[in-house]
Amino acid sequence: MTSAPAAIPEELDQQPVAVVTGANRGIGYEVARQLMRRGFEVVLGSRDLAKGEHAARTLGGAGGRVHAVQLDVGDESSVSAMGAWVRDQLGRADVLVNNAAIHYDSWQQAQFADLGIVREALETNLLGAWRTAQELLPLLRNSPRGRIVNVSSEGGSISEMSGGPPAYSVSKASLNALTRLLAGELRSEGILVNAVCPGWTATDMGEGGRPVSEGAASVVWAVVLPDDGPTGGFFRHGRPLPW
């Protein structure tokens, strides 16, 4: 899925800011790169600040504006510190891409699952996205085009579910539910909230899949939706997926 970079709308007279979690590598890194090409200033969240700074230097070499921040979405104090930095240093956030995720536990079955691993997956994949959204909502409400994109997976589609990695699948199904709740609550404020499955991509978690650029383009599609675009949906490559 490729397209020419879209122009920033006139109402965004200042450079819009996108916060991308888990962005020092893989899908998150490529989402950050594609958003910079479209004119966004990017806040690159990374649990390991040194790795985030290295990624930011690489992206910044392309001529865009990117800032690395330490961000562990499973740590409330880390999320709060990130939010304070964005408010104090940039004064705005227009987009949140909840990309950070852990535990594609393909070695487990639900009947025998280590519930400690399930708990860790929920802490990052669900609650991490939830607390990050809550932290940035005051800024997103001030944006003329607020967007939240939750990077999900078809593995979280309940209607298609018959097995698979239990911690990952349950956490992504829960993330989809959060997407629906936030979309319904924020619709009247003009904030669009969608879940996107980037598909099986050639990342550390998905070796042998399609190019990362294609998966990231699915996510970016939901970022640059027009104001009358869908909200509360679950998509891959701009097409609806079953819940």
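Everything that follows concerns the structure shown earlier in this document.
The structure presented is a predicted model; accordingly, all values stated were derived computationally and were not measured.

Definitions and limits used
Residues numbered from 1 in each chain as written. Predicted model: local features only at pLDDT ≥ 70, side-chain atom pairs only at ≥ 80, totals over all residues. Heavy atoms only, no water. Helix = DSSP H or I, 4+ residues; strand = E, 2+ residues; numbered from the N terminus. Buried < 20%, exposed > 50% of the residue type's maximum accessible area, 1.4 Å probe, protein only. Areas by Shrake-Rupley, 256 points an atom, 1.4 Å probe, with all protein chains shown as cover. 1 Å grid on protein atoms, 1.4 Å probe; cavity = no way out; pocket = protein on both sides within 12 Å on 5 of 7 lines; lining within 4 Å. Points joined across faces, edges and corners; volume = space filled by probe spheres on them. Nonpolar A, V, L, I, M, F, W, Y, C, P; charged D, E, K, R; others polar. Pairing = 2+ DSSP bridges. Contact = heavy atoms within 4.5 Å. Axes fitted to C-alpha atoms, helices over the stretch in contact; angles between N-to-C directions. Parallel < 35°, antiparallel > 145°, perpendicular 65-115°, else oblique. Left-handed = near helix turned anticlockwise from the far one by under 90°. Salt bridge = Lys/Arg side-chain N within 4 Å of Asp/Glu carboxyl O. Phe/Tyr/Trp six-rings, centres within 6.5 Å; stacked < 30°, edge-to-face > 60°.

Undergrad: Would you mind going over the overall build of the protein in detail, with residue names and values included?
TA: Counting its regular elements, the protein contains six helices and eight strands. The order of α-helices and β-strands along the protein, N terminus first, is β-α-β-α-β-α-β-α-β-α-β-α-β-β. For the protein, the residues scored as buried account for 50% of the 243 residues in total. About 11000 Å² of surface is accessible on the protein, with carbon and sulfur atoms providing 49% of the total.

Undergrad: Just give me the short version of empty space enclosed by the protein, but keep the residues and values in it.
TA: Which parts of space are left empty comes out when a probe the size of a water molecule is rolled across the atoms. Applying the stated criterion across every chain, the model contains one cavity of 30 Å³ or more. In this structure, the largest cavity spans a volume of roughly 40 Å³. What lines the largest cavity is Thr21, Val73, Asn98, Asn99, Ala100, Thr124, Asn125, Gly128, Ala129 and Leu175. At four residues, the largest contribution of residues to the lining of the largest cavity is made by helix 4 (residues 115-142). The residue makeup of the lining of the largest cavity, split by class, is four nonpolar, six polar and no charged.

Undergrad: Provide a residue-level description of the sheet that holds strand 8 (residues 239-240), including the pertinent values.
TA: As summarised here, the arrangement of the eight strands in space is 3-2-1-4-5-6-7-8, forming an open sheet in which the pairing is mixed. With partners counted over all chains shown, the strands left at the sheet margins are strand 3 (66-70) and strand 8, one partner each. Both strand 4 (residues 95-98) and strand 5 (residues 147-151) contribute to a ladder of four bridges, which runs parallel. Following the sheet pairing, Val95 is matched in strand 5 by Arg147. Each of strand 1 (17-20), strand 2 (41-46) and strand 3 is contacted by helix 3 (residues 76-90), which is oriented at about 150 degrees to strand 3, the strand it contacts most. Along the sheet, helix 4 contacts strand 1, strand 4 and strand 5; its crossing angle with strand 4, the most-contacted strand, is approximately 175 degrees.

Undergrad: How would you explain the packing of helix 1 (residues 26-37) against helix 2 (residues 49-60) if you had to name every residue and give the values?
TA: The relative placement of two packed helices comes down to the angle between their axes together with the axis-to-axis distance. Packing of helix 1 against helix 2 leaves a shortest axis separation of 11 Å and a crossing angle of 30 degrees. The angle between helix 1 and helix 2 falls in the class roughly parallel. With respect to the hand of their crossing, helix 1 and helix 2 are arranged in right-handed fashion. When helix 1 is examined against helix 2, the residues Tyr29, Ala32, Arg33 and Met36 are found in contact with a partner set consisting of Ala55, Thr58 and Leu59.

Undergrad: Before we move on, could you go through the pattern of salt bridges and cite the residues and values that matter?
TA: As enumerated under the stated definition, the model contains nine salt bridges in all. In this structure, the salt-bridge partner of Arg147 is Asp227, at a minimum N-O distance of 3.0 Å. Here the residue Arg147 occupies a position in strand 5, and Asp227 occupies one in the loop between helix 6 (212-223) and strand 7 (234-236), the gap between them amounting to 80 residues. Residue classification places Arg147 among the buried positions, given a relative accessible area of 1%. Among the ionic contacts, a cluster of salt bridges with common partners joins Arg145, Arg147 and Asp227.

Undergrad: Tell me what's going on with the side chain of Thr132, and back it up with residues and numbers.
TA: Topologically, Thr132 is positioned in helix 4. In this structure Thr132 comes out as buried when scored by relative accessible area, which is 0%.

Undergrad: Please provide a residue-by-residue account of the pairing of strand 6 (residues 192-196), values included.
TA: Of all five residues in strand 6, five are buried; the element is thus mostly enclosed. On strand 6, burial covers both faces: Leu192, Asn194 and Val196 on one face and Val193 and Ala195 on the other are all buried. As paired elements, strand 5 and strand 6 share five bridges and run parallel to each other. By the bridge assignment, Arg147 is partnered in strand 6 with Leu192. As judged from the two bridges shared by strand 6 and strand 7, these two strands associate in the parallel manner. Counterpart to Val196 in the pairing with strand 7 is Phe235.

Undergrad: Tell me about the packing of aromatic side chains, and please be specific about residues and values.
TA: Applying the stated criterion across every chain, the model contains four aromatic pairs. Relative to Tyr168, the ring of Tyr104 has its centre 5.0 Å away and its plane inclined at 75 degrees; by these criteria the two rings are edge-to-face. With Tyr104 in the loop between strand 4 and helix 4 and Tyr168 in helix 5 (residues 166-186), this pair connects stretches of sequence that are 64 residues apart. A connected cluster of aromatic rings, assembled from ring pairs, spans Tyr104, Tyr168 and Trp200.

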